[in-house]
Amino acid sequence: MTDWPYPAPEDDGGAAHLVAGVALPDIQIETTTGDRLSLAKITGLSIVFVYPWSGRPGVSDPPNWDHIPGAHGSTAEAQGFQYLVGHYQARGIQVLGLSTQTREWQREFASRIGLTYPLLSDADFRVADALGLPRFKTCGTTYLKRLTLMCWDGKIVRAFYPVHPPDRHAGDLLETL
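Below: a short report on this structure. Just so we're clear, the structure is a prediction, and the values are computed from it rather than from any experiment. (Residues numbered from 1 in each chain as written. Predicted model: local features only at pLDDT ≥ 70, side-chain atom pairs only at ≥ 80, totals over all residues. Heavy atoms only, no water.)

**A short note on the sheet that holds strand β4 (residues 93-99)**
Within the open sheet, the 7 strands sit side by side as β2-β1-β5-β4-β3-β8-β9. Their pairing is mixed. In this open sheet, the two edge strands, each paired with only one partner strand, are β2 (36-38) and β9 (155-160). Neighbour to neighbour, the strand axes of the sheet diverge by 35° on average, direction disregarded. Inspection of the sheet shows strand β1 (residues 28-31) paired to β2 by 3 bridges, in the antiparallel sense. When the bridges of β2 are listed, Glu 30 appears paired with Arg 36. (Pairing = 2+ DSSP bridges. Helix = DSSP H or I, 4+ residues; strand = E, 2+ residues; numbered from the N terminus. Axes fitted to C-alpha atoms, helices over the stretch in contact; angles between N-to-C directions.)

Below, the structure written as structure tokens:
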């Protein structure tokens, strides 16, 4: 039971193909740290949480955002991972966030809420397309659905989908490890 005030997503099977052993694409994408990174080249255990959109003060949410199951919660989810990032790192786990927003948008977001782990910009959907990540549209704009990939040496170990509630996801995930 949760007190999350926004609609919960249902498992529509959109991540059913993201199973253990699936190789991550060797595609270099920009990060908030200023470099480029390929998920296929990350060694060891990593958590990649995929989120649809992070808001910004003074910018309205996308149309119908309050009514789209799973849309709300990117800031709360990112803050949850930030709060627990030391616990993940103590276990040798790298935390990364991924969205289709630009690196500049993500940098502002990361700076504003104090993130110390990298966010990855897949603004051209190359990683999303290569992995077939689930999406939704509102008013003609496409967003990624919220999910998390647990990866080892460039391969998926497990996908968590749908993610709900996003504000507790980092803690819930840590408990499963």
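**A closer look at the packing of aromatic side chains**
Per the counting criterion, the structure on display carries 11 aromatic pairs. Judged by centre distance (4.6 Å) and plane angle (5°), the rings of Phe 49 and Phe 81 are stacked. With Phe 49 in strand β3 (residues 45-50) and Phe 81 in helix α1 (residues 74-90), this pair connects stretches of sequence that are 32 residues apart. A relative accessible area of 0% means that Phe 49 is categorised as buried. (Phe/Tyr/Trp six-rings, centres within 6.5 Å; stacked < 30°, edge-to-face > 60°. Buried < 20%, exposed > 50% of the residue type's maximum accessible area, 1.4 Å probe, protein only.)

**Thoughts on helix α2 (residues 103-113)**
Buried within α2 are the following residues: Arg 103, Trp 105, Gln 106, Phe 109, Ala 110 and Ile 113. The arc that holds the buried residues of α2, viewed along the axis, is 155°, so those residues lie on one side. In α2, the exposed positions angled more than 90 degrees off the buried face are occupied by Glu 104 and Ser 111. Gly 114 lies just past α2 and shows a positive phi near 80°. (Arc of directions from axis to C-beta.)

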